[in-house]
Amino acid sequence: MDMQNLPENPYILLTPGPLSTSRTVKAVMLRDWCTWDIDYNRIVEEIRNTLTRLATSETGYTTVLMQGSGTFSVEACLTTAVPEQGKLLVLANGAYGRRITRIAARQGIACVTHDSGDLDPPDLPRLAHTLETDTDITHVAVVHCETTTGFLNPIEEIGKIVRQSGRIFIVDAMSSFGGIPMDIADLGIDYLVSSANKCIQGVPGFGFVIARKSIFSQTCGRARSLSLDLYDQWKTMENGKGKWRYTSPTHVVRAFAKALEELEKEGGVTLRFKRYLANNRFLISGMKEMGFTPLVDIRYQSPIITAFLSPSHPDYNFEVFYTRLKERGFVIYPGKVTRTDTFRIGNIGDIHRPDMERLIEAVRSSIYWR
Ligand SMILES: *Cc1c(COP(=O)(O)O)cnc(C)c1O
């Protein structure tokens, strides 16, 4: 394949997906695939098996891929997992947690939300108490890395409480799966949701749910949606050995298979995590030296994305700062918290130490307001 003729990116994306992918991941999309061809279906099956293996060393789990962005998979999971008589408890501390509540409302799923604001972990004693007193609750959902702020939620402690109470545990690990080591069986997770364009470093186009088969197999006919019926999608993939219902994002799937290969080559999730963490801590210390303050307490700071307080200087303007950084080859993200003015810098994707060093210099030369 002629790698020379691939266009260069004018900047790297420091956003939590879509993110900067390797040239080799992009290059494999320069070929067309037929959705029902056996070669393509084999790739799908390999992806499913690899994802399940990445999630846990235990058997009893399966992976289903679903077209659309990550939210489609969250919605598919909720609408399929929670039965008509079920009730969902959502632990929210950011926009993505609150989105789960909004999905439940749209799908007619009974739901209570414990919202701990943007900067605090879920209230665990309150969770335990609610699960004891509200016996209607059947499912608990939480976001692992709340990408709004970069806050990393304590899913191990939460999982313990959920498991002890006999409820089903759903985790939106969209921006952490593949970038933070975990074993979902150990964590008591029944459904984990993630997508192609985050820590696995693929391009956007589908999400996936890794589910405990003993629980998932009971969900036949529950989905309130046809296209987002996760159970039906699973059965089609199982019976058709890698077939999707409806058109699948073939190029994206092929790129994702390549991305999984590159994850393995890097040394798996353990070494990818090490790179993310080192880059993230390098970023934070460099930014602090220039006077920026991270929003989240370092105890809860994920290695994925960091929110910084916007400078309080009257001349500071995000658009101007953003444009100056973009001219220097870096695209950052606006803030997403309601109460505080912030901007965010992600460090997942095909981004390495030299990129972070150049970034710090670019930020230094983009500061115009002092
Ligand atoms: C990216 C992300 C999602 C999904 O967002 P989409 O824009 O639908 O892909 C959901 N939850 C979290 C925590 C995320 O980071």
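Check the entry above for the structure.
All values reported here derive from a predicted model rather than from experimental measurement.

Caption draft 1: Inspection of the environment of Arg98 at higher detail. Structurally, the position occupied by Arg98 is in helix α4 (residues 95–107). Overall, the relative accessible area of 26% leaves Arg98 in the partly exposed class. Taking the C-alpha atoms as reference points, Arg98 and Trp234, separated by 136 residues in sequence, lie 27 Å from one another. When residues no more than four places from it in sequence are discounted, the contact partners of Arg98 are Ala92, Asn93, Asp115, Gly117 and Asp118.

Caption draft 2: Focus on the packing of helix α9 (residues 250–266) against helix α10 (residues 268–289). Two elements in contact, α9 and α10, have axes separated by 7 Å at closest approach and are oriented at 80 degrees. With respect to their mutual orientation, α9 and α10 come out roughly perpendicular. Contacts from Glu262, Leu263, Glu264 and Glu266 of α9 reach α10 at Gly268, Val269, Leu271, Arg272 and Arg275. Each residue belonging to the contact of α9 with α10 can be placed in one class, and the counts come to three nonpolar, one polar and five charged.

Caption draft 3: Up close: the sheet that holds strand β8 (residues 168–172). Read from one edge to the other, the open sheet built from seven strands follows the order β2-β10-β9-β8-β5-β3-β4, with strand pairing classed as mixed. Lying at the two open borders of the sheet, with one neighbouring strand each, are β2 (61–67) and β4 (110–115). On average, each strand axis in the sheet is tilted by 20 degrees relative to the strand beside it, whichever way the strands run. As defined by bridge partners, strand β9 (residues 191–195) adjoins strand β10 (residues 206–212) across five bridges and the pair is classed as antiparallel. Within β10, the position partnered with Ser194 by the bridge is Phe208. This element, helix α2 (residues 38–55), spans β2 and β10 of the sheet and lies at about 125 degrees to β2. Strands in contact with helix α6 (residues 155–164) are β3 (87–92), β5 (139–143) and β8; relative to β8, the strand with the most contacts, it is inclined by about 160 degrees.

Caption draft 4: How the structure looks around the site of the ligand. Surveying the vicinity of the ligand reveals the residues Ser69, Gly70, Thr71, Tyr96, Arg99, Val143, Cys145, Thr147, Asp172, Met174, Ser175 and Lys198. In the environment of the ligand, a nitrogen atom lies 2.7 Å from a nitrogen or oxygen atom belonging to the side chain of Asp172. In this structure, Lys198 approaches the ligand through a side-chain N or O atom, which is 2.8 Å from an oxygen atom. In isolation the ligand has 380 Å² of accessible area, and contact with the protein removes 86% of it. Put simply, the parts of the chain that give the shell around the ligand at least two residues each are α3 (70–81) and α4.

Rules behind the numbers
Residues numbered from 1 in each chain as written. Predicted model: local features only at pLDDT ≥ 70, side-chain atom pairs only at ≥ 80, totals over all residues. Heavy atoms only, no water. Helix = DSSP H or I, 4+ residues; strand = E, 2+ residues; numbered from the N terminus. Buried < 20%, exposed > 50% of the residue type's maximum accessible area, 1.4 Å probe, protein only. Contact = heavy atoms within 4.5 Å. Axes fitted to C-alpha atoms, helices over the stretch in contact; angles between N-to-C directions. Parallel < 35°, antiparallel > 145°, perpendicular 65-115°, else oblique. Nonpolar A, V, L, I, M, F, W, Y, C, P; charged D, E, K, R; others polar. Pairing = 2+ DSSP bridges. Near = heavy atom within 4 Å. Polar contact = N/O pair within 3.5 Å; in protein donor to acceptor, adjacent residues only side chain to side chain. Areas by Shrake-Rupley, 256 points an atom, 1.4 Å probe, with all protein chains shown as cover.

Any functional reading would require information that these geometric values do not contain.
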